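# Structural overview
Here is how the chains run, residue by residue.
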Amino acid sequence: MNRILCGLAANPALPPELVDRLIALAAATPEPSAPSDPAGHLAEVLVWRLDERTDLGPAQVAALAARDEDTATRLARTGHLRASDVDPAVWPLAALALIDEGRGQPEWSRRFAADPDPSLRRQLASCPGLPADVEDALAADPDPEVAAELAWCATSAPALALLARHPHAEVRRAVAGNEAAPPAALAALLTGDALEPARSCLVCDSREIPFTHGPYCQDAECDLLPGAECDGTHGSTLHDTWQRALANPATPPAAVAAFAEHPSVLLRWAVAEHPGLPAHVYARLAGDPVPGIRACVARNPGTGPEVSRVLAADPESDVRRAVAHHPRTPFDVLGRLTLTTRLGPHPLPRISAATPEELAEGAASANARVRMLVAHRHDLPPELRDRLAADPDASVAKAVAPHQGLTPERLRAMVALHGQQVIARVAANPDAPGDLLTELARHEPPVRRALREIASHPNATAEALLPCLADVKARVRAAAHPALPPGIVVGLLDDPDPEVVEAAAGNPALPSAVMADLLA
């Protein structure tokens with residue numbers, strides 16, 4: 001594959017006449033006829049790069065779209081093609097993409113609702129904002145998978161209430177996972193009250209029952225899931241329906257709580273995901289023998305602090321880590337967890353929700369790991385941020401180093417105090433000036449992670465970028481940086497690494513005369 005052409009196709013500085021040349025090349029090359037067809041694959045990648053451009057004119061869009069319907073569909077998704085550019089009889093998938101984006105013609109949805117191709121009707125059913133008469137037609141579609149797609153995506157409560165009573169179990173299964181479904185309908189799917197049993201499912205539609213689908217099916221055309229089974233009661237589909245309804249936050253808690261001691265692990269797991277249950281149900285599930293269920297309870301926003309305190313002492317680290325990610329975990333529990341559990345580098349929900357008083361308390365903690373948790377929050381008050389930047393513990397300073405608002409002097413002071421431990425994070429600071437980035441790039445010994453941050457930093461200068469070319473991973477990023485000198489960019493077109501070649505070809509610093517020569 002010609003990586004230079006791929007890079008040029010994405011280059012924002014490529015002149016319009018050269019864009020035309022690439023479009024002509026891509027349009028004239030048919031789709032790949034085999035995995036070993038390099039010309040076809042090159043043309044395919046060129047099309048992907050070109051249809052991501054924001055500077056295409058109407059004639060260029062039309063030339064690209066004429067290549068095939070997949071290209072036209074992508075151009076419709078990206079906003080290049082409008083409804084007036086698309087004939088639904090010629091490009092049905094592009095028309096459906098416009099309907100899905102809310103930019104299709106009103107009459108198109110009625111046309112597709114009556115289309116003989118069920119795959120097009122299914123795709124229509126997934127689109128938002130359909131007219132009521134179109135939803136009615138799709139709900140009554142003879143293909144249950146069309147109605148199921150509507151049941152999964154619809155937002156109309158009356159329509160979903162009717163779909164919950166659909167005679168096909170697959171449609172009911174889809175309703176069970178839709179958070180817009182009426183609570184009474186979701187409860188009925190669990191209890192069966194005032195609900196006639198489903199008449200069919202995908203299993204008994206295609207197999208003589210009783211039937212259980214084994215995990216090693218040899219039928220290449222079979223699309224049933226492993227474990228799918230039906231003896232006339234649509235067992236596997238009913239189980240999946242319960243599982244979805246139990247995890248659905250719109251399902252009434254009373255109906256969900258009844259499954260808290262069900263023998264099925266998957267159903268208890270789904271109960272543990274529900275955010276609105278009584279406290280005693282969460283307490284019961286906190287003692288479940290399955291660690292994954294306890295972890296699910298631990299991170300559930302409906303769980304109270306009492307359960308969090310119990311699970312913070314769980315023998316499983318995944319459970320304790322889940323407690324730390326609960327949005328209302330008590331601050332003292334977080335402090336204890338830092339001593340027993342690796343909590344990861346990302347801001348915890350509890351820290352993100354902390355009050356100014358709690359943040360100040362955490363920043364003043366004698367426990368450096370608690371200070372580090374606070375330091376990960378990116379909207380700290382300036383005085384708190386600056387205090388943490390001067391923290392004597394490197395892990396705290398490292399956490400706060402990428403935050404906006406730190407002055408170059410503070411960033412240099414952090415490097416002077418902690419050295420290599422913080423250099424990469426300082427290099428990631430969006431306010432780091434070019435001269436500081438140059439100093440960090442020239443540090444001895446080189447800090448490879450810092451070089452990778454510098455190579456894609458918008459403030460990086462040519463002096464900062466040149467040392468980055470010595471690192472394998474930073475070299476690719478630096479090759480694409482517009483501050484790299486044009487002569488260096490041209491030299492990288494002969495690099496042995498094809499990723500570097502493509503990055504250099506996509507660099508807007510590449511002289512336009514060189515671009516023209518490459519396409520000659």
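See above for the structure.
Residues numbered from 1 in each chain as written. Predicted model: local features only at pLDDT ≥ 70, side-chain atom pairs only at ≥ 80, totals over all residues. Heavy atoms only, no water.

When its secondary structure is counted, the protein shows 36 helices and two strands. Taken along the three principal axes of its C-alpha coordinates, the protein extends 75 × 70 × 45 Å. Looking at the 520 residues of the protein, the share that counts as buried comes to 48%. A gap of 8 Å separates the mean positions of the 46 positive and 67 negative side-chain charges of the protein. (Helix = DSSP H or I, 4+ residues; strand = E, 2+ residues; numbered from the N terminus. Buried < 20%, exposed > 50% of the residue type's maximum accessible area, 1.4 Å probe, protein only. Lys, Arg positive; Asp, Glu negative; His and termini not counted. Charge placed at Lys NZ, Arg CZ, Asp CG, Glu CD.)

Further remarks concern helix H2 (residues 16-28). Compared with an ideal rise of 1.5 Å per residue, which puts 13 residues at 18 Å, H2 spans 18 Å between its outermost C-alpha atoms and is within 8% of the ideal. Looking only at H2, the buried set comprises Leu18, Val19, Leu22, Ile23 and Ala26. Projection of H2 onto a plane perpendicular to its axis shows the buried side chains occupying an angular sector of 145 degrees, all on one side. (Expected span 1.5 Å × (residues − 1). Arc of directions from axis to C-beta.)

Using the criterion set out here, one finds one aromatic pair in the structure. The ring of phenylalanine 112 has arginine 111 lying over it, and the distance from NZ or CZ to the ring centre is 5.1 Å. (Phe/Tyr/Trp six-rings, centres within 6.5 Å; stacked < 30°, edge-to-face > 60°. Lys NZ or Arg CZ within 6 Å of the ring centre and 35° of its normal.)

With respect to the element layout, valine 396 can be found in helix H27 (residues 394-400). By relative accessible area, which is 0% here, valine 396 ends up buried. Separated by 23 residues in sequence, valine 396 and leucine 373 have C-alpha atoms that sit 8.1 Å apart. The contact partners of valine 396, leaving out residues within four places of it in the chain, are Ala368, Arg371, Met372, Ala375, Leu388 and Asp391. (Contact = heavy atoms within 4.5 Å.)

Let's shift gears to the environment of phenylalanine 331. Looking at the element boundaries, phenylalanine 331 is found in helix H22 (residues 331-340). A sequence separation of 50 residues divides phenylalanine 331 from valine 281, and the C-alpha atoms of the two residues are 24 Å apart. When near neighbours in sequence (up to four residues on either side) are disregarded, phenylalanine 331 contacts Arg350, Ile351, Ala354, Glu358 and Gly362.

Before going further, it helps to spend a moment on the packing of helix H4 (residues 58-65) against helix H5 (residues 69-77). Across the interface, H4 lies against H5 with an axial gap of 8 Å and an inter-helix angle of 140 degrees. Compared by their axis directions, H4 and H5 come out oblique. Only Thr71, Ala72 and Leu75 of H5 make contact with H4, whose side of the interface consists of Val61, Leu64 and Ala65. Taken together, the residues of the contact of H4 with H5 break down into five nonpolar, one polar and no charged. (Axes fitted to C-alpha atoms, helices over the stretch in contact; angles between N-to-C directions. Parallel < 35°, antiparallel > 145°, perpendicular 65-115°, else oblique. Nonpolar A, V, L, I, M, F, W, Y, C, P; charged D, E, K, R; others polar.)

Counting through the fold element by element, leucine 18 comes out in helix H2. Given a relative accessible area of 3%, leucine 18 falls into the buried group. In this structure, leucine 18 is in contact with Ser512, Met515, Ala516 and Leu519, ignoring residues within four places of it in sequence.

What follows covers unusual backbone geometry. For the bond from isoleucine 209 to proline 210, the omega torsion is 0 degrees, close enough to zero to count as cis. Locating proline 210 in the fold gives a position in the loop between helix H14 (202-206) and strand E1 (211-212). Glutamate 444 connects to proline 445 through a cis peptide bond whose omega is -5 degrees. With phi around 55 degrees, alanine 194 is a residue other than glycine that occupies positive phi space. Within the secondary structure, alanine 194 is located in the loop between helix H13 (183-191) and H14. Taking relative accessible area as the criterion, alanine 194 reaches 68% and is therefore assigned exposed. A positive phi angle, close to 60 degrees, is found at histidine 234, a residue other than glycine. Here histidine 234 lies in the loop between strand E2 (229-230) and helix H15 (235-247).

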